[in-house]
There are 4 protein chains.
Amino acid sequence: MTISAAVSGASGYAGGEVLRLLSRHPDVEIGAITAHSNAGQRLGSLQPHLLGLADRELVETTVENLAGHDVVFLALPHGASAEIAAQLPDDVLVIDAGADHRLESAAAWEQFYGSPHAGTWPYGLPELPGAREQLAGARRIAVPGCYPTSAQLALVPGFAAGLLQPDDVVIVAASGTSGAGKALKPHLLGSEAMGGMSPYGVGGAHRHTPEMEQGFSRAAGTPVTVSFTPTLAPMARGILTTATARVQPGTTAAQLRAAWEEAYAGEAFVHLLPEGQWPSTKQVLGSNHAVLQLALDERIGRVIVVAAIDNLTKGTAGGAVQSMNLALGLPELAGLDFEGLAP
Amino acid sequence: MTISAAVSGASGYAGGEVLRLLSRHPDVEIGAITAHSNAGQRLGSLQPHLLGLADRELVETTVENLAGHDVVFLALPHGASAEIAAQLPDDVLVIDAGADHRLESAAAWEQFYGSPHAGTWPYGLPELPGAREQLAGARRIAVPGCYPTSAQLALVPGFAAGLLQPDDVVIVAASGTSGAGKALKPHLLGSEAMGGMSPYGVGGAHRHTPEMEQGFSRAAGTPVTVSFTPTLAPMARGILTTATARVQPGTTAAQLRAAWEEAYAGEAFVHLLPEGQWPSTKQVLGSNHAVLQLALDERIGRVIVVAAIDNLTKGTAGGAVQSMNLALGLPELAGLDFEGLAP
Amino acid sequence: MTISAAVSGASGYAGGEVLRLLSRHPDVEIGAITAHSNAGQRLGSLQPHLLGLADRELVETTVENLAGHDVVFLALPHGASAEIAAQLPDDVLVIDAGADHRLESAAAWEQFYGSPHAGTWPYGLPELPGAREQLAGARRIAVPGCYPTSAQLALVPGFAAGLLQPDDVVIVAASGTSGAGKALKPHLLGSEAMGGMSPYGVGGAHRHTPEMEQGFSRAAGTPVTVSFTPTLAPMARGILTTATARVQPGTTAAQLRAAWEEAYAGEAFVHLLPEGQWPSTKQVLGSNHAVLQLALDERIGRVIVVAAIDNLTKGTAGGAVQSMNLALGLPELAGLDFEGLAP
Amino acid sequence: MTISAAVSGASGYAGGEVLRLLSRHPDVEIGAITAHSNAGQRLGSLQPHLLGLADRELVETTVENLAGHDVVFLALPHGASAEIAAQLPDDVLVIDAGADHRLESAAAWEQFYGSPHAGTWPYGLPELPGAREQLAGARRIAVPGCYPTSAQLALVPGFAAGLLQPDDVVIVAASGTSGAGKALKPHLLGSEAMGGMSPYGVGGAHRHTPEMEQGFSRAAGTPVTVSFTPTLAPMARGILTTATARVQPGTTAAQLRAAWEEAYAGEAFVHLLPEGQWPSTKQVLGSNHAVLQLALDERIGRVIVVAAIDNLTKGTAGGAVQSMNLALGLPELAGLDFEGLAP
């Protein structure tokens with residue numbers, strides 16, 4: 001069985017990463033490659049690393065161009081996905097790498113995005129409890145945000161096991177610049193980005209905050225609140241997330257380790273490292289892997305979990321392809337079974 | 001008046017930075033430049049950027065070579081400073097860029113460093129409450145660690161003003177690789193460091209933790225506990241510290257801003273940025289400046305303060321020279337009155 | 001048919017890259033993984049990105065451990081390969097990623113390496129004229145150096161077509177730091193490498209010079225001399241080679257373009273970019289691709305050819321695997337048919 | 001005597017660097033700070049590292065705002081300088097960091113810039129033969145381009161001494177991204193620039209080519225032709241120039257070394273390194289220094305000279321301030337007498 005896939009937003013980083021992964025997927029044939037302002041151009045001039053697709057021409061992102069495929073990947077600015085998805089047939093698998101369908105709470109959506117809520121789709125983070133059941137056979141999938149992917153992989157096992165207190169989670173994360181996309185903004189220039197670090201969206205302003213809280217709350221069965229500070233690091237790819245939460249009184253380091261080990265025992269892409277080894281984003285660049293380590297700081301009663309992913313792969317396009325595999329009944333690892341690029 | 005200064009540990013990054021700053025100090029003449037295994041070499045082969053001192057020969061780090069100067073800078077591995085300092089005359093100003101004399105608590109010292117405590121010297125962070133009084137006329141000064149410099153600049157105003165709760169401070173910081181020194185360790189190779197981020201010393205293990213707690217506790221007048229996670233960022237210099245603490249009930253954003261503004265109102269090197277502008281390490285590279293911004297996350301009751309410094313300048317050698325100026329009655333800004341290097 | 005492969009030197013960058021590629025090769029099973037001083041360790045502690053092989057233990061690099069495989073990859077310091085290879089059975093395919101068997105001229109070998117010449121093996125750069133014939137069925141293969149790979153891909157078409165003058169070739173190349181290996185040398189520290197560029201081996205001293213001259217001379221049918229200046233660039237991977245040669249009088253830009261187009265018309269891994277698009281190393285990171293572009297500078301009568309490869313992939317391990325495929329009659333693209341990682 | 005200085009183009013990198021240098025110049029008071037589209041903004045929001053000038057407001061770049069100062073620095077797009085300079089009084093020192101007044105040949109100007117030639121001003125590279133005489137008392141100065149600064153420092157001693165052949169100079173240079181300015185172009189994004197290298201302006205197309213040829217020709221007393229290939233390196237600052245020329249028959253390494261030593265014997269900012277030490281851009285970041293080394297490749301009859309400068313300092317703003325000092329009779333080193341920032 002060969003799956004035909006259309007990819008929209010193909011001139012951006014998320015769209016380019018979807019294409020990179022699909023181009024090596026054994027069961028997928030890449031159909032329409034679409035863009036907005038770059039329609040009409042060769043893909044090779046916009047994604048020069050995709051040499052095998054260099055001569056493909058980008059077509060306009062329209063329902064007509066996207067329809068007629070088994071799968072449609074949407075890598076569009078938020079707000080744009082819902083409109084297109086509504087016009088695609090119900091039996092087409094639509095995978096939205098944007099934010100439109102991640103949040104359950106319309107209030108949270110409106111507070112953080114300032115527009116009407118488009119609804120909630122099955123959430124494409126297969127390693128969460130119960131996620132695979134929801135994704136099997138799904139025809140609409142919301143790919144998690146990159147920060148929420150790493151944060152949920154970091155802390156959900158503790159919430160699910162009842163070992164963590166639900167208030168006062170503190171998360172600080174560093175992301176490579178590709179997380180900010182290809183937007184032509186001064187602070188994203190290489191001259192500015194190289195050699196420096198800076199925060200943004202501090203104080204609860206970042207839109208990924210409610211998504212993290214939603215994930216933790218689902219796992220904990222009670223509302224969880226998060227202080228999240230993202231920072232921009234001088235690297236193109238990768239997220240290093242330091243997530244800390246207060247443990248329930250009496251929780252031991254052994255209990256914590258056991259909970260995380262159990263949560264990821266059968267997972268191919270999520271790795272709790274051996275004790276003493278801490279994650280580096282360089283372990284996972286370009287791969288669908290996530291690496292984790294944790295420590296209990298007994299002096300202060302917090303568990304510190306550090307997770308590393310590639311924001312564009314496991315954090316976006318890899319998660320999308322993994323979810324596609326599950327939705328379509330393909331092997332979960334198809335097209336994703338390779339290691340990160342290091343050094 | 002010309003001050004003669006000797007610099008030990010001159011082949012390392014801290015020693016090199018002391019020399020860079022002293023070479024432009026209007027009141028200082030650089031005397032002996034000492035090293036251990038590199039004694040006998042030209043400085044130009046070890047610190048090739050110090051072109052004006054390139055032909056100076058490094059001599060052995062001995063009491064004989066260091067004595068006879070007005071000031072002696074010690075940039076040595078911890079444990080080595082105390083022994084040398086004890087043999088230098090009392091009227092020589094000895095400035096220890098190492099850790100030996102930072103901590104008051106012998107117990108904390110022994111727990112984190114595993115060796116006998118060498119005693120406590122006046123603490124070279126002039127912007128702390130009461131620090132300038134202690135430094136004026138001092139002849140022994142302990143230069144703060146780089147992370148504690150940024151962390152204390154970030155949070156002390158809040159503790160001093162009684163606005164912060166003393167438990168459960170959470171600090172995550174990213175440092176450039178020069179903070180780890182010139183040690184030849186695999187993870188510090190460029191191939192490993194470039195393009196990646198990783199944590200270390202997680203879970204309360206980093207030696208700068210008790211130094212932060214000491215500073216916060218002094219300011220708060222009550223014991224403060226800290227969870228500190230340092231990370232290694234792909235840049236040569238700079239520290240970005242994200243420091244969060246729970247505010248006392250009822251604390252407003254305006255109160256917080258006022259406390260920090262007041263604390264740094266007269267300071268030449270510490271800058272609370274205008275609202276809306278967040279610090280970047282690129283603002284301060286190579287300079288003695290620190291830049292700060294804060295936000296109150298009302299949803300979770302925490303203040304998030306982000307501080308950026310250059311770990312080698314304000315975080316080490318700049319703080320040392322500033323403290324020297326204060327101890328000797330020189331203008332506090334002498335030799336330090338210049339801007340950071342950007343882009 | 002499943003090929004069993006042993007990889008020596010597995011704790012270094014070249015060995016790690018061979019393992020990364022073999023781990024996704026459909027026809028290969030990875031057998032012994034060997035090292036010298038790191039024997040006994042988990043691979044996960046040395047190559048933390050190779051998550052699928054993390055629990056494999058490195059064994060000592062001995063003939064006993066390497067024998068009994070269909071293919072043995074040698075990623076050893078020069079001088080070490082010849083001794084081991086001599087003790088391996090003739091029907092085992094031995095692929096030497098080191099320098100020992102690249103040069104035909106014993107005199108050149110001794111001048112540049114200062115040791116006795118170990119002999120010459122078929123040269124693993126399949127895109128050179130006649131190379132595939134030599135590699136088919138070979139049981140000993142010398143993998144080209146990384147710089148010579150890019151230089152020969154850049155200029156051989158012109159020499160083979162008789163369009164270039166044989167004297168006064170000038171080549172300047174920039175390499176990522178992984179080209180220098182994992183050696184713990186001060187100038188390779190991240191603090192030194194990040195943010196700076198420097199040359200090395202200037203004035204004909206670099207050992208890759210005679211290898212380039214050998215390749216050009218074979219193609220030209222007459223001795224070619226080269227001035228080669230390598231530089232170290234602040235990136236982990238990638239080589240950008242700027243190769244210039246004087247064209248024969250009367251040579252036109254169209255003739256040049258035609259020669260290169262023809263040379264690489266059927267090649268899957270070597271891409272002459274569309275006119276106006278210039279190579280970036282970011283197009284090829286982690287892939288076996290090479291990208292090229294050329295221009296005739298009519299004012300000075302030189303062709304300038306710029307080539308970008310990944311030094312560890314096409315420049316080492318990818319070339320090795322591609323050559324293995326050819327030697328064993330596997331599809332040439334097996335295990336290598338994927339795109340580079342960008343951004 | 002205090003000099004009043006106006007700086008135009010202050011929101012760009014060149015203008016920012018002029019301000020950084022002037023802010024520490026003992027004889028200069030900074031007057032008007034002007035910009036075009038950013039007029040009305042705080043300098044602190046555009047050049048956040050210039051903390052001492054953060055509250056200064058940018059005013060419109062008009063003759064009115066610039067007049068009334070002793071010195072006017074123009075850091076404007078080419079074409080804009082000539083028009084403004086023509087309206088400034090003759091006794092105001094106008095220093096043009098742009099290209100408008102560098103070239104003598106109107107034909108070369110028109111070929112490379114496509115607009116009418118604005119005339120030629122004294123050339124602000126004081127280390128060239130005879131340059132200081134031209135600069136003393138000058139009231140119009142053209143600051144050299146960044147690449148031509150490094151290229152001329154690299155090769156002019158050889159041409160002036162008659163040791164180099166005038167045809168077939170080959171220059172390959174790597175520049176940090178700040179050389180391309182703050183323009184919002186996709187290839188200058190951090191995500192694109194970090195981790196990669198690429199060439200541009202290949203084949204004689206770069207506008208700095210005729211400027212190099214002009215400098216070499218003046219020194220040689222005969223027309224010199226150059227093949228110049230610039231490349232973009234993953235660093236914010238710095239130029240590493242590899243310049244090669246064929247030596248006259250019989251030229252020895254000792255003759256070459258003597259010529260360069262003599263040329264720079266009395267220079268404070270240009271350093272021929274000790275034999276065996278090669279330049280790194282990290283030696284000179286943020287400083288007005290240039291470092292050089294050379295080797296004779298006897299096999300091919302070329303001298304290879306490698307020079308490192310900071311493109312924004314010695315390559316632009318530092319050269320401008322140094323020239324200002326000479327024109328106004330200030331000490332040549334005033335405001336520039338400090339070391340580069342490393343590591």
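Residues numbered from 1 in each chain as written. Chains lettered and ligands numbered in written order. Predicted model: local features only at pLDDT ≥ 70, side-chain atom pairs only at ≥ 80, totals over all residues. Heavy atoms only, no water.

- Looking at an unreviewed UniProt entry, one finds chain A named N-acetyl-gamma-glutamyl-phosphate reductase and attributed to Zhihengliuella alba.
- Its UniProt record gives chain A the following Catalytic activity (unreviewed entry) comment, quoted word for word: "N-acetyl-L-glutamate 5-semialdehyde + phosphate + NADP(+) = N-acetyl-L-glutamyl 5-phosphate + NADPH + H(+)".
- Taken directly from UniProt, the Pathway (unreviewed entry) text for chain A runs: "Amino-acid biosynthesis; L-arginine biosynthesis; N(2)-acetyl-L-ornithine from L-glutamate: step 3/4." (UniProt positions renumbered as here; feature names shortened; annotations may be inferred.)

### What about the domain arrangement of chain A?
Residue and element names in this part refer to chain A.
1) Next: Segmenting chain A into domains produces domain 1 (3-121) and domain 2 (147-311).
2) Next: Taken residue by residue, the interface counts 15 residues in domain 1 and 15 residues in domain 2.
3) Next: With both sides pooled, the region where domain 1 packs onto domain 2 buries about 1200 Å², and carbon together with sulfur makes up 48% of that total.
4) Next: In this structure, the connection of domain 1 to domain 2 is made through three salt bridges.
5) Next: Across the pair E17 and R237 runs a salt bridge, and its minimum N-O distance is 2.6 Å.
6) Next: The interface formed by domain 1 and domain 2 contains nine residue pairs in polar contact (both at pLDDT 80 or more).
7) Next: Those elements that provide at least two residues to the side of domain 1 that touches domain 2 are α1 (13-22) and α5 (106-113).
8) Next: Grouping the amino acids of the side of domain 1 that touches domain 2 by side-chain chemistry returns six nonpolar, five polar and four charged. (Domains from an automatic or database assignment. Contact = heavy atoms within 4.5 Å. Buried area = accessible area lost by both parts, 1.4 Å probe. Salt bridge = Lys/Arg side-chain N within 4 Å of Asp/Glu carboxyl O. Polar contact = N/O pair within 3.5 Å; in protein donor to acceptor, adjacent residues only side chain to side chain. Helix = DSSP H or I, 4+ residues; strand = E, 2+ residues; numbered from the N terminus. Nonpolar A, V, L, I, M, F, W, Y, C, P; charged D, E, K, R; others polar.)

### Concerning the sheet that holds strand β11 (residues 270-272) of chain B
Residues and elements named next belong to chain B.
1) Next: Here we have seven strands laid out as an open sheet, ordered β8-β9-β7-β10-β13-β12-β11, and mixed in their pairing. Both outer strands of the open sheet, β8 (198-199) and β11, are each paired with one neighbouring strand and no more.
2) Next: Examined bridge by bridge, strand β10 (residues 239-246) and strand β13 (residues 302-309) share eight bridges and lie antiparallel to one another. Directly across from A243, in β13, lies its bridge partner V305.
3) Next: Seen against the sheet, helix α9 (residues 208-220) touches β7 (169-175) and β9 (226-232) and runs at an angle of roughly 135° to β9. (Pairing = 2+ DSSP bridges. Axes fitted to C-alpha atoms, helices over the stretch in contact; angles between N-to-C directions.)

### Observations concerning helix α11 (residues 313-328) of chain C
Residue and element names in this part refer to chain C.
1) Next: The first and last C-alpha atoms of α11 sit only 20 Å apart over 16 residues, clearly below the 22 Å expected at 1.5 Å per residue.
2) Next: The sharpest bend along α11 comes to roughly 45°, located at G319.
3) Next: Most of α11 is tucked away: 16 of the 16 residues are buried. (Expected span 1.5 Å × (residues − 1). Bend = angle between axes of the 7 residues up to and from the residue. Buried < 20%, exposed > 50% of the residue type's maximum accessible area, 1.4 Å probe, protein only.)

### Considerations on the UniProt feature "active site" (unreviewed entry) in chain A
Residue and element names in this part refer to chain A.
1) Next: Under the UniProt annotation, the feature "active site" (unreviewed entry) is placed at C146.
2) Next: Residue position: C146 is located in helix α7 (residues 146-160).
3) Next: What C146 contacts, discounting residues up to four positions off in sequence, is H208, I239, I309, N311 and G315.

### So, the sheet that holds strand β3 (residues 59-60) of chain C
Residues and elements named next belong to chain C.
1) Next: Reading across the sheet, the six strands line up as β3-β2-β1-β4-β5-β6 and stay open at both edges, with parallel pairing between neighbours. The two strands at the open ends of the sheet, each matched to only one other strand, are β3 and β6 (140-142).
2) Next: The sheet contacts of helix α4 (residues 80-87) involve β4 (71-74), β5 (93-96) and β6, and relative to β4 the element is tilted by about 165°.

### As for the relation of the copies chain C and chain D
1) Next: Superposition of chain C onto chain D requires a rotation of 180° combined with a translation of 0.0 Å along the rotation axis, giving an RMSD of 0.0 Å. On the angle and the small slide along the axis, the relation comes out as a two-fold axis. Closest approach to the rotation axis within chain C is made by the C-alpha atom of P234 of chain C, at a distance of 3.1 Å.
2) Next: Of all interface residues in chain C, 100% are interface residues in chain D too; the two copies therefore contact each other through one and the same surface. (Least-squares fit on C-alpha atoms with pLDDT ≥ 70 in both.)

### Some points on helix α9 (residues 208-220) of chain A
All names here are of chain A.
1) Next: Its 13 residues give α9 an end-to-end C-alpha distance of 18 Å, which sits within 8% of 18 Å, the value for a rise of 1.5 Å per residue.
2) Next: In terms of burial, α9 is largely enclosed, as ten of its 13 residues are buried.
3) Next: Taken together, the buried positions of α9 are H208, T209, P210, E211, M212, E213, Q214, G215, F216 and S217.
4) Next: Residues of α9 that are buried sit in contact with α5, α7, β7 (169-175) and β9 (226-232).
5) Next: Backbone geometry just after α9 places G221 at a positive phi near 75°.

### As for the confidence of the model for chain A
Detailed reading of the predicted model is not advised wherever pLDDT is low.
1) Next: Averaged over all residues, the pLDDT of chain A equals 97, while 100% of them reach at least 70.
2) Next: Under the prediction, the complex receives an ipTM of 0.97, its pTM being 0.98. (pLDDT = per-residue confidence, 0-100.)

### Overview of unusual backbone geometry
Residue and element names in this part refer to chain C.
1) Next: Here the bond from A342 into P343 is cis, since omega is 5°, no more than 30 degrees from zero.
2) Next: Take P343: it is sitting in the segment after α11.
3) Next: The backbone of D168 shows a phi angle near 70°, a positive value even though the residue is not glycine.
4) Next: Assignment of secondary structure puts D168 in the loop between α7 (146-160) and β7 (169-175).
5) Next: Classification of D168 by relative accessible area gives buried; the value is 2%.

### Topic: the side chain of R237 of chain C
All names here are of chain C.
1) Next: When you line up the elements, R237 lands in the loop between β9 (226-232) and β10 (239-246).
2) Next: Classification of R237 as buried rests on a relative accessible area of 4%.
3) Next: A polar atom in the side chain of R237 sits 2.9 Å from the side chain of D310.
4) Next: Here the side chain of R237 touches T313 through a polar contact of 3.4 Å, side chain to side chain.

### Points about the environment of G196 of chain A
1) Next: Inspection of the secondary structure puts G196 of chain A in the loop between α8 (190-193) and β8 (198-199).
2) Next: In this structure, the C-alpha to C-alpha distance between G196 of chain A and G238 of chain A, residues 42 residues apart in sequence, is 16 Å.
3) Next: Apart from the residues within four sequence positions on either side, G196 of chain A is in contact with L232, A233 and P234 of chain A together with M235, T281 and K282 of chain B.

### Focus on the interface of chain A and chain C
1) Next: Each partner contributes residues to the interface: chain A has 33 residues there, and chain C has 33 residues.
2) Next: Roughly 2500 Å² is buried in total at the junction of chain A and chain C, and carbon and sulfur atoms are behind 61% of that figure.
3) Next: The largest per-residue losses of area from chain A upon contact with chain C belong to L51, E339 and P343 of chain A, which jointly make up 28% of the total buried on that side.
4) Next: Summed over the shared surface of chain A and chain C, the result is zero salt bridges.

### Some thoughts on the pairing of strand β9 (residues 226-232) of chain D
All names here are of chain D.
1) Next: β9 sits mainly inside the fold: seven of its seven residues count as buried.
2) Next: Here β9 shows no split at all, with V226, F228, P230 and L232 on one side and S227, T229 and T231 on the other all buried.
3) Next: Across seven bridges, strand β7 (residues 169-175) lies against β9 in parallel orientation. Each residue of the ladder has a partner; that of A174, found in β9, is T231.
4) Next: Bridge count for strand β8 (residues 198-199) against β9 is two bridges, and the pairing is antiparallel. When the sheet's bridge partners are listed, P199 is paired in β9 with T231.

### Focus: the interface of chain C and chain D
1) Next: Each side of the interface is counted separately: chain C has 46 residues, and chain D has 46 residues.
2) Next: Broken down residue by residue, the surface that chain C buries against chain D is led by M197, R299 and I300 of chain C, which jointly contribute 18%.
3) Next: The interface formed by chain C and chain D contains six salt bridges.
4) Next: The salt bridge partner of E213 of chain D is R299 of chain C, with a shortest N-O separation of 2.5 Å.
5) Next: Here chain C is connected to chain D by eleven residue pairs in polar contact (both at pLDDT 80 or more).
6) Next: Contributing elements (two or more residues each) for the side of chain C that touches chain D: β7, α8 (190-193), β8 (198-199), α9 (208-220), β9, β10, β12 (290-297) and β13 (302-309) of chain C.

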